[in-house]
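A closer look at the structure
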Amino acid sequence: GINAEYGKQWYQRRVREEQRRERGKILECGETPPVANLETVKEECCDALDSCCKHNSGQELCYLCHQRQRKNIPISFKEQRERSEHAQDRILQQFQQLRDQESFEKEKRQMATERHMSQEVAQFNLTTAENLKKGRNGPAEFHHSYVFNCRVPSPQRFLSRDEYCQALGDQVQSRGARNRKLKSLTQKLERLEQSNLATELADTKRRHLKTKQINTQRYQTALHYQVNNPPFRLPKAEPDSNGPIFGKLDQTPEKIRDIRDRAREVLDHQLKTIQERKDRTKSLKDAKRRYEREVLQRTKRELREDVLKKLNVQSQVRKELEESWETQKVDKSDRDMSDITHQMT
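As a convention, each chain's residues are numbered from 1 in the sequence order in which they are written. Confidence filtering applies because this is a predicted model: local features only for residues at pLDDT of at least 70, side-chain atom pairs given and counted only at 80 or more, and all residues used for totals across whole chains, interfaces and linings. Excluding hydrogens and water, the side-chain values take into account all heavy atoms of the structure.

Counting its secondary structure elements, the chain contains six helices and zero strands. Think of it this way: any DSSP run of H or I at least four residues long counts as a helix, any run of E at least two long counts as a strand, and we number them from the N terminus. For the chain, the succession of helices and strands along the chain, N to C, is α-α-α-α-α-α. When accessible area is computed with a 1.4 Å probe and restricted to protein chains, residues below 20% of their type maximum are described as buried, those above 50% as exposed, and intermediate ones as partly exposed. Expressed as a percentage of its 345 residues, the buried residues of the chain come to 6%. Contact criterion: two residues are considered in contact whenever any of their non-hydrogen atoms come within 4.5 Å of each other. Long-range pairs, those at least 24 residues apart, make up 69% of the contacts in the chain between residues at least 6 apart in sequence. The Shrake-Rupley method, run with a 1.4 Å probe, gives the accessible areas here. Residue values count only the displayed protein chains as cover. Carbon together with sulfur atoms contributes 55% to the accessible area of the chain, which is approximately 32,800 Å² in total.

Next up, the structure:
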């Protein structure tokens, strides 16, 4: 990351130096950028003006752009741009070569380090093999599985192996005993739960049968009582009057008049409610229509103001452009006259 940042800064510094050097050469020599073929440059300028003209008036170019095209002197900076691009390419190539050289040197150093390590390992292996071959590495009872020569001899393997086997056997026995105890306890609890469940089911069945028998006896007793004691029956209905008894005073003229008055009041109230609802709906519609009319009028007024403002801005811009181009035309003619006078003198 640091090398990349340093390389980027170095590249930018070299680009600035090359640009400064090119600018200094141009100023020292007093040379001006070469002018390309006039016809080609005019065609390019015409295409650019056609694409950039924003004062179209039904023609390809407006008057201002046409005058600008006639008065402008085309200048090409192609060679200067090519020199700058060549300089940048050269600097970039140098920077790339520098980076390649750094990576090559880094890889070379890494390979040298690995080669040195391999030589040291090979030298150590060779020395160890020669010492083992000549018998210079300790007494004859040297054990190849240990690194330290002065270490106390380890006990025999079969002793620790017997202890390990005995410990494993004890663990297996204790685990088997624990599993057997847990299994017997689980079976005992399951048998006890099954016996309790059977007892509860038997008690429930016995209570159900007893309740059913009691209900049957009660129902039989009620039926016997109804059969032995029949209900009292009303005597046969016989008319005891010549005219109606009930409802004689329900349809008197006063009550009929009251009913009509109440019906008329209800009708008037309903008609009044309907009229009020119609008036309220009409007033809401009128208010909404007035609001929409005001919104439309305000929108139309704002649109008219925006169009007028845009037209004023366009006319002001056109006027400023005409004044600017007229001033530039006068200055150009003055410069041409002064150049002609200078050449004549």
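Let's shift gears to helix α4 (residues 78–134). Between the first and last C-alpha of α4 there are 83 Å, a value that for 57 residues agrees with the 84 Å anticipated at 1.5 Å per step. By the burial criterion, the buried members of α4 are A87, I91 and F95. Under the convention used throughout, the expected extent of a helix is 1.5 Å for every residue step, that is, one less than its residue count.

A pair is scored as a salt bridge if a Lys or Arg side-chain nitrogen falls within 4 Å of a carboxyl oxygen belonging to Asp or Glu. Tallied over the entire structure, the rule returns five salt bridges. Here E322 makes a salt bridge to R318, at a shortest N to O gap of 3.4 Å. With E322 and R318 both in helix α6 (residues 253–344) and four residues apart, the pair spans about one turn of that helix. Taking relative accessible area as the criterion, E322 reaches 38% and is therefore assigned partly exposed. In this structure R318 comes out as partly exposed when scored by relative accessible area, which is 41%. The shortest N-O distance in the salt bridge between D336 and K332 comes to 4.0 Å. Placement of both D336 and K332 in helix α6 is noted, with a separation of four residues, approximately one turn of the helix. Owing to a relative accessible area of 24%, K332 belongs among the partly exposed residues under this scheme.

Tracing the sequence through the fold places S184 in helix α5 (residues 157–228). Residue classification places S184 among the partly exposed residues on the basis of a relative accessible area of 40%. Definition of a polar contact: a pair of N or O atoms within 3.5 Å, with one able to donate and the other able to accept a hydrogen when the atoms are protein atoms, and with sequence-neighbouring residues admitted only if both atoms are side-chain atoms. Within polar-contact distance, the side chain of S184 engages the backbone oxygen of K181 at 2.7 Å.

What follows concerns a nonpolar patch on the surface. Patches in this entry comprise residues that are over 30% relatively accessible and not in a salt bridge; like charges within 9 Å are linked, as are nonpolar side chains (Val, Leu, Ile, Met, Phe, Trp, Tyr) within 5 Å. Nonpolar side chains collect at one region of the surface, where I73, I75 and F77 lie side by side and expose about 320 Å² of accessible area between them. In this structure, F77 sits in the loop between α3 (63–71) and α4.

Moving on, we get to a negative patch on the surface. Asp and Glu count as negative and Lys and Arg as positive, but His and the ends of the chain are not part of the count. Each charge is placed at NZ for Lys, CZ for Arg, CG for Asp and CD for Glu. Judged by side-chain charge, E79, E82, E85 and D89 come together as a negatively charged surface patch. Here E82 shows up in helix α4.

Every residue carries a pLDDT, the predictor's confidence in it, which falls somewhere between 0 and 100. Of all residues in the chain, 72% have pLDDT values of 70 or greater, and the mean over the chain is 79. Ranking the elements of the chain by mean pLDDT puts helix α2 (residues 38–52) last, at 45, and α6 first, at 91. Here residues 26–52 scores under 50 on pLDDT; set against residues more than four positions off or in separate chains, the count is 20 contacts.

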